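Observations on chain architecture
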Amino acid sequence: MTLFVFLTCIVASSGGLIFGYDIGISGGVTSMDSFLSRFFPSVYKKQMADSSTNQYCKFDSQLLTLFTSSLYVAALLSSFLASTVTRMFGRKWSMFAGGITFLLGSAINCAAMNVLMLILGRVLLGIGIGACVQAVPLYLSEMAPADLRGTLNIGFQFMITIGIFAANLINYGTASIKGGWGWRVSLGLAAVPALFITIGSLVLPDTPNSLIERGHDEEAKAMLRKIRGTEDVRDEYDDLVAASDEAKSVDHPWSNILQRKYRPQLTIAILIPFFQQLTGINVIMFYAPVLFKTIGFGSEASLASAVITGIVNVFATFVSIATVDKLGRRALFLQGGTQMLLSQFLVGTLIAFKFGISGVATDVTKNYASIIVLFICFYVAAFAWSWGPLGWLVPSEIFPLEIRSAGQSITVSVNMFFTFLIAQVFLTALCHLKFGLFYFFAGWVAIMTAFITFFLPETKSVPIEEITLVWKKHWFWSKFISDEDVHVGNSESVDDRIEDA
Ligand code: BGC
């Protein structure tokens with residue numbers, strides 16, 4: 001890999017920072033008394049009530065969850081617009097527009113005087129996130145050489161986890177600011193990662209795939225030589241051109257994606273983000289401090305525990321960075337899924353044991369609560385090397401060029417929709433399902449692990465413009481793809497190429 005590719009990938013990955021910062025910041029802010037009493041007084045009053053009332057329900061408020069979830073609806077919509085921008089103008093302009101909008105949102109949030117300003121700020125942040133999350137994973141997968149695509153693409157998830165962790169730490173610090181304006185600092189500091197991606201995107205080069213898609217063939221060839229560090233790029237260049245010719249014969253990526261031959265990709269593009277959210281990860285990411293308060297920690301201990309899960313999330317991501325291009329995607333999915341399932345089952349059971357159906361616990365010792373946190377950490381670690389990074393990597397590498405932008409938008413919007421749904425219903429679900437909520441997510445993890453076992457082909461090391469071959473040789477998906485659908489750049493026969501892939 002050339003240094004040039006490495007550096008461009010780091011800059012582009014910083015788009016993940018804004019997404020992560022936001023995921024981490026809202027949960028902490030909503031557990032700060034000064035923030036709650038100012039914007040959500042009724043939740044604040046309920047929370048102050050005696051601890052003998054039902055612990056499962058004390059944070060249940062639709063307005064409070066709307067604060068967290070409004071962002072995801074905005075992100076969902078903006079990813080569709082971003083799909084046109086990434087296709088027509090290049091991936092970097094989508095990142096730039098995302099960075100600027102996010103900056104504006106963080107300024108409004110920092111200055112918020114009422115709930116309306118808070119939500120307006122969140123919507124702008126969401127538009128920014130949608131644009132960046134649409135463009136960054138595609139950018140990374142296109143820049144990377146095939147055998148390092150996993151590692152480089154996971155840079156995005158890595159930055160998400162750094163963003164979450166930074167937000168957890170900042171919340172921990174700002175919560176103790178006297179005078180009750182700590183939350184303004186937390187929300188305002190979102191501008192820092194936004195500046196990274198806004199300025200960074202201006203210096204990023206376009207990907208060769210996108211240059212060819214927009215008719216700049218010579219520049220594309222030069223860029224390919226530069227990023228691969230060799231003069232001999234003919235095969236890859238031919239693949240890109242073939243992919244682009246194919247793409248040009250299609251007027252409408254959106255109706256195109258519905259064709260039978262794209263059914264495998266479409267199914268994966270929808271199911272992967274759906275499953276990723278149904279792991280329940282964002283219950284921990286958004287509401288860890290709230291959850292820890294529920295199981296009997298004080299305010300400070302709750303924020304501190306969120307810092308711990310944040311660290312685990314960052315470090316466990318390294319496992320996937322180091323192994324994804326060697327062990328492959330499937331191995332990580334299967335191991336991670338199994339570990340998550342066991343951890344969730346144990347967390348649910350430990351909570352059931354103490355809080356039962358009534359939600360009233362009398363003697364939760366520090367040790368008992370710490371064991372729950374420990375299993376939550378096992379769960380987070382497993383997510384961090386499986387569904388977290390792969391939830392973005394796999395969709396970004398399975399589409400042929402002609403539907404890549406559109407496909408990625410589908411992935412982003414499904415992801416955002418279910419992130420929204422989970423953010424919106426979690427506090428109510430906790431109130432009704434109680435400890436059973438953990439069993440609910442464990443059940444989904446079992447289903448998704450079975451799905452991966454049977455339906456996800458391995459995509460490790462396969463050049464991105466040859467990925468159709470992988471579907472063509474899959475026991476189930478092959479029936480959707482005829483021989484004529486397998487166009488790849490050079491003249492080897494389809495069978496040989498399938499052998500190679
Ligand atoms: C997911 C987020 C999640 C984060 C946790 C991402 O891959 O899309 O929803 O909060 O991982 O690290």
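Note that the coordinates shown come from a computational prediction; the quantities given were computed from them, not determined experimentally. (Residues numbered from 1 in each chain as written. Predicted model: local features only at pLDDT ≥ 70, side-chain atom pairs only at ≥ 80, totals over all residues. Heavy atoms only, no water.)

A separate point is helix H15 (residues 263–278). Residues three or four positions apart in an α-helix share a direction because the helix packs 3.6 residues into each turn. The end-to-end C-alpha distance of H15, which contains 16 residues, comes to 22 Å, matching closely the 22 Å that a straight helix rising 1.5 Å per residue would cover. The buried fraction of H15 is high, at 12 of 16 residues. Within H15 the residues assigned to the buried category are Pro-264, Gln-265, Leu-266, Ile-268, Ala-269, Ile-272, Pro-273, Phe-274, Phe-275, Gln-276, Gln-277 and Leu-278. At the C-terminal side of H15, Gly-280 shows a positive phi close to 90°. (Helix = DSSP H or I, 4+ residues; strand = E, 2+ residues; numbered from the N terminus. Expected span 1.5 Å × (residues − 1). Buried < 20%, exposed > 50% of the residue type's maximum accessible area, 1.4 Å probe, protein only.)

In this section: the site of the ligand. The full set close to the ligand counts 13 residues, and Gln-157, Gln-276, Gln-277, Asn-282 and Trp-392 are the nearest of them. The side chain of Gln-277 places a nitrogen or oxygen atom 3.0 Å from an oxygen atom of the ligand. In this structure, Asn-282 approaches the ligand through a side-chain N or O atom, which is 2.5 Å from an oxygen atom. About the coverage of the ligand: the protein hides 100% of its 310 Å² of free accessible area. Elements with a minimum of two residues in the shell around the ligand: helix H8 (149–174), H15, helix H16 (281–294) and helix H20 (387–398). Split into classes, the residues belonging to the shell around the ligand amount to 5 nonpolar, 8 polar and no charged. (Near = heavy atom within 4 Å. Polar contact = N/O pair within 3.5 Å; in protein donor to acceptor, adjacent residues only side chain to side chain. Areas by Shrake-Rupley, 256 points an atom, 1.4 Å probe, with all protein chains shown as cover. Nonpolar A, V, L, I, M, F, W, Y, C, P; charged D, E, K, R; others polar.)

Among the secondary structure elements, Ser-405 is positioned in helix H21 (residues 401–433). Its relative accessible area of 3% is what places Ser-405 among the buried residues. Within the structure, the side chain of Ser-405 is placed 3.2 Å from the side chain of Thr-86, a separation counted as a polar contact. If we ignore the near neighbours within four places in the chain, the residues touching Ser-405 are Ser-83, Thr-86, Arg-87, Arg-91, Gln-134 and Leu-138. (Contact = heavy atoms within 4.5 Å.)

On to the packing of helix H18 (residues 329–355) against helix H19 (residues 366–385), then. Put simply, H18 and H19 touch, their axes get as near as 8 Å, and they point 160° apart. It follows that H18 is roughly antiparallel to H19 by the angle criterion. The hand of the H18/H19 crossing is left-handed. A breakdown of the residues in the contact of H18 with H19 according to their chemical character gives 17 nonpolar, 5 polar and 1 charged. (Axes fitted to C-alpha atoms, helices over the stretch in contact; angles between N-to-C directions. Parallel < 35°, antiparallel > 145°, perpendicular 65-115°, else oblique. Left-handed = near helix turned anticlockwise from the far one by under 90°.)

Turning to H8, a few remarks are in order. In this model H8 runs 38 Å from its N-terminal to its C-terminal C-alpha over 26 residues, within 8% of the 38 Å that 1.5 Å per residue would give. At Gly-155, H8 shows its maximal kink, close to 30°. (Bend = angle between axes of the 7 residues up to and from the residue.)

Turning our attention to the packing of aromatic side chains. With the rule as written, the count across this model stands at 32 aromatic pairs. Between Phe-274 and Phe-418, the ring centres sit 4.8 Å apart and the planes meet at 75°, which makes this aromatic pair edge-to-face. Of this pair, Phe-274 sits in helix H15 while Phe-418 sits in helix H21, and the two are 144 residues apart along the sequence. In this arrangement the basic side chain of Arg-122 is found over the ring face of Phe-67, its NZ or CZ atom lying 4.8 Å from the centre. (Phe/Tyr/Trp six-rings, centres within 6.5 Å; stacked < 30°, edge-to-face > 60°. Lys NZ or Arg CZ within 6 Å of the ring centre and 35° of its normal.)

Turning our eyes to something else, we now look at the pattern of salt bridges. Enumeration according to the criterion identifies 12 salt bridges in this entry. Where Asp-238 meets Arg-234, a salt bridge forms, and the shortest distance between an N and an O atom there is 3.4 Å. Note that Asp-238 and Arg-234 are positioned in helix H13 (residues 234–248) at a spacing of 4 residues, about one turn of the helix. Judged by its relative accessible area of 57%, Arg-234 falls in the exposed class. Close ionic contact of Arg-404 with Glu-465 constitutes a salt bridge, the shortest N to O distance being 2.8 Å. Of this pair, Arg-404 sits in helix H21 while Glu-465 sits in the loop between helix H22 (436–455) and helix H23 (468–472), and the two are 61 residues apart along the sequence. Since its relative accessible area comes to 1%, Arg-404 is described here as buried. A cluster of three or more residues bridged by salt bridges with shared partners is formed by Arg-91, Glu-142, Glu-213, Arg-404 and Glu-465. (Salt bridge = Lys/Arg side-chain N within 4 Å of Asp/Glu carboxyl O.)

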